[in-house]
Amino acid sequence: MAARVLLRGSLAGAPAVPRLPPGAGLALRGLGSSARSSREDSWLKSLFVRKVDPRKDAHSNLLAKRETSSLYKLQFHNVKPECLEAYNKLCQEVLPKIHEEKHYPCALVGTWNTWYGEQDQAVHLWRYEGGYPALNEVMSKLRQNKEFTEFRKERGNMLLSRKNQLLLEFSFWNEPVPRDGPNIYELRSYQLRPGTMIEWGNYWARAIRFRQDSNEAVGGFFSQIGQLYMVHHLWAYKDLQTREDIRNAAWHKPGWDELVYYTVPLIQEMESRIMIPLKISPLQ
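Okay, so let's go over this structure. (Residues numbered from 1 in each chain as written. Predicted model: local features only at pLDDT ≥ 70, side-chain atom pairs only at ≥ 80, totals over all residues. Heavy atoms only, no water.)

## Structural notes on helix α3 (residues 84-100)
Since there are 3.6 residues in each turn of an α-helix, residues three or four apart along the chain are aligned in direction.
(1) Moving on: For α3, built from 17 residues, the straight-helix expectation of 24 Å at 1.5 Å per residue is met to within 8% by its first-to-last C-alpha distance of 24 Å.
(2) Moving on: Helix geometry: α3 is bent most strongly at Gln92, by close to 30°, with proline Pro96 lying one to four residues after it.
(3) Moving on: Leu84, Tyr87, Asn88, Leu90, Cys91, Val94, Leu95, Pro96 and Ile98 are the residues of α3 that are buried.
(4) Moving on: Of the surrounding secondary structure, the elements contacted by the buried residues of α3 are β3 (71-79), β4 (106-116), β5 (121-128), α4 (132-143), α5 (146-156) and β6 (159-169). (Helix = DSSP H or I, 4+ residues; strand = E, 2+ residues; numbered from the N terminus. Expected span 1.5 Å × (residues − 1). Bend = angle between axes of the 7 residues up to and from the residue. Buried < 20%, exposed > 50% of the residue type's maximum accessible area, 1.4 Å probe, protein only. Contact = heavy atoms within 4.5 Å.)

See below:
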């Protein structure tokens, strides 16, 4: 007896299904399975194949502020717990002298102790006005500064570890300028997947407008030397509850959820530090 082919989802009143010779049904099912397999392969490949941005230019030229040539240095010092008070006192004596010295083309943007996050940690952010030549000039002059040499030696006895990064500033972020306090600061650090910095910048150029209402956006930076594909966002809040309220309010603004949805897959790791400024910090 000839086999009858039944089509799923057929409607009442549809034309009669033609009779096919024996084995034809299996052949059709094989073709259907092959087509589905081909579609699935194409879908899977689309997950891993990225379109290449045809622009041939350095990320720093595409993302950084063009009207300035400032370079930033972010320092993380892990201090021996019993030395933190002495470390802070030493920094408060020496760092302002470098910041205020007119012959040093650099400025202390902010200096903090980590409150929540890695404990017994100091964070310093410096700006070198003039880029790498300014950095080289400052380092050369500090090597000739006996007081700074003694400071580094004494400071070294107080540290467990230290690291730094050289950063550029995103063109669409606020300029980090001195502000009155009291404030707490949040440094949100993102390790991006290699090759996604331009994509991150494109999304955050739009996302930052959702976070300007309460003047909480202080600065946004991306690494050039040190740990690469690192992004740092610096925020200021009156207290932890204000931080919570401002962040929750962003989710009620149309478009914020979509931008978060598209940026999260770009991240490999992320970290949040809540920091308290030292008395000498221009960011209070």
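There's plenty left to go through after this.
## Considerations on the packing of α3 against α5
(1) Moving on: Interaxial distance between α3 and α5 falls to 11 Å at its minimum, and their mutual angle equals 155°. One finds that α3 runs roughly antiparallel with respect to α5. As for the relative orientation of α3 and α5, their crossing is left-handed in sense. Listed contacts from α5 to Tyr87, Leu90, Cys91, Val94, Leu95, Lys97 and Ile98 of α3 are Glu147, Phe148, Phe151, Glu154 and Arg155.
(2) Moving on: Per-class residue counts for the contact of α3 with α5 are 8 nonpolar, no polar and 4 charged. (Axes fitted to C-alpha atoms, helices over the stretch in contact; angles between N-to-C directions. Parallel < 35°, antiparallel > 145°, perpendicular 65-115°, else oblique. Left-handed = near helix turned anticlockwise from the far one by under 90°. Nonpolar A, V, L, I, M, F, W, Y, C, P; charged D, E, K, R; others polar.)

## Digging into the pairing of strand β9 (residues 230-237)
(1) Moving on: The element β9 is extensively covered by neighbouring structure, given that 8 of its 8 residues are classed as buried.
(2) Moving on: Burial along β9 is two-sided: the residues Met230, His232, Leu234 and Ala236 and Val231, His233, Trp235 and Tyr237 are all buried.
(3) Moving on: Here strand β7 (residues 184-192) pairs with β9 via 8 bridges, running antiparallel. By the bridge assignment, Leu187 is partnered in β9 with Leu234.
(4) Moving on: Relative to β9, strand β8 (residues 217-225) runs antiparallel, the two being bridged by 5 bridges. Paired with Gly220 across the strands is His233, a residue of β9. (Pairing = 2+ DSSP bridges.)

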